[in-house]
Each structure stands twice: as structure tokens, then as C-alpha cells.
Amino acid sequence: MFRFSFAALLLGCLVTPAFAAMHTTLTIPLSAQNGSGENGTATLTPEGDKTKVVIEMKNAPAGSVQPAHIHGGTCANLDKAPKWPLETLKDGKSTTLVPATLTEIMRQKTAINIHKSATDLKDYMACGDITQAK
């Protein structure tokens, strides 16, 4: 009994945040920007060497089609070029399998950004910092 408890304790001490991130689902709040009134969540779930990203927005305009990406940086200082494209939101929803582990995504400063439309990428409707997730 003592050996098992000690072994379990030792294993628990060896589990790193990166290992924990590989097995943890994160929910990122997406906050409205530029007066859009659009907010919601992005749920990031490890899927082996990929990450499933599910976005659900509230107050998205009916019939809207909005591009989304994971960008480097933060919402306050977003890199213009996307790191990973996400499936376009249709009526405020999208699901994407990103070709990167959750650990890799979290290791960098990254943010999820929702654009107004494919023809109006410069106007941001919502954003959420992945690095600041709790």
C-alpha cells in the first residue's frame, strides 16, 4: 500500500503543465469588439496531435458568415497574419480540427479572432486570448 501511494505521489509530481494541457479542455471567452455585441466561447479539446476548436457565438447576425483564425499575439496586439485558419462561422458556430497540439497552441501567445466577413477582414467582431485562459 505504501509503495503504491508513494509511486502515485511521485507520478503526480512529474506531471507537467504541458502534459496536463494535452488532456484538458479549455474554454476561452470571446468578447465583443468594435461595438459588435457578439460574444461567446471557443472550446479547445486535445485530439491526439491536433486540437478541436468549437466556437459558439451569441448575438451573431442572422445568416452571417464570418471568418475566424488563431493569430499570434493577444487581442490587444494581434499579429495580422493568422497562424491557423478556423472554419468559417455560420450563424455564429464553427468546428475545426487544428493541425497543432493544445500544448503547442498554448506555448505561444495566441488569440482567436472573429472577423466581420470575408470581404471585411479588417473589422474584428470578437476576440479571446488563449494564453490568458483559466
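Residues numbered from 1 in each chain as written. Predicted model: local features only at pLDDT ≥ 70, side-chain atom pairs only at ≥ 80, totals over all residues. Heavy atoms only, no water.

A. A look at unusual backbone geometry. Backbone geometry places N59, a non-glycine residue, at a positive phi of 65°. Backbone geometry at D91 places phi at a positive 55°, although glycine is not the residue there. Tracing the backbone through its elements, the reader meets D91 in the loop between β5 (77–90) and β6 (93–98). (Helix = DSSP H or I, 4+ residues; strand = E, 2+ residues; numbered from the N terminus.)

B. Molecular detail of the pattern of salt bridges. With the rule as written, the count across this model stands at two salt bridges. The residue K122 makes a salt bridge to D120 at a minimum N-O spacing of 3.9 Å. K122 gets classed as exposed once you look at its relative accessible area, which sits at 66%. Relative accessible area serves as the criterion here: at 16%, D120 is assigned to the buried category. (Salt bridge = Lys/Arg side-chain N within 4 Å of Asp/Glu carboxyl O. Buried < 20%, exposed > 50% of the residue type's maximum accessible area, 1.4 Å probe, protein only.)

C. A look at the environment of T88. Position of T88 relative to the elements: it lies in strand β5. Along the chain, T88 and H115 lie 27 residues apart, while their C-alpha atoms are 9.5 Å from each other. With sequence-adjacent residues up to four places away left out, T88 is seen in contact with V65, Q66, P67, K93 and S94. (Contact = heavy atoms within 4.5 Å.)

D. A look at the pairing of strand β2 (residues 39–47). Side chains G40, A42, L44 and P46 of β2 all project onto a buried face; the interleaved residues N39, T41, T43, T45 and E47 project onto a face where none is buried. Where strand β1 (residues 26–32) lies against β2, five bridges are found, and the strand directions are antiparallel. Each residue of the ladder has a partner; that of P29, found in β2, is T41. Once β1 ends, the chain turns through six residues before running back antiparallel as β2, passing N34 with a positive phi of about 55°. Strand direction decides the pairing type here: β2 and strand β3 (residues 50–58), joined by nine bridges, are antiparallel. Counterpart to P46 in the pairing with β3 is T51. (Pairing = 2+ DSSP bridges.)

None of the figures reported here should be taken as evidence of function without further support.
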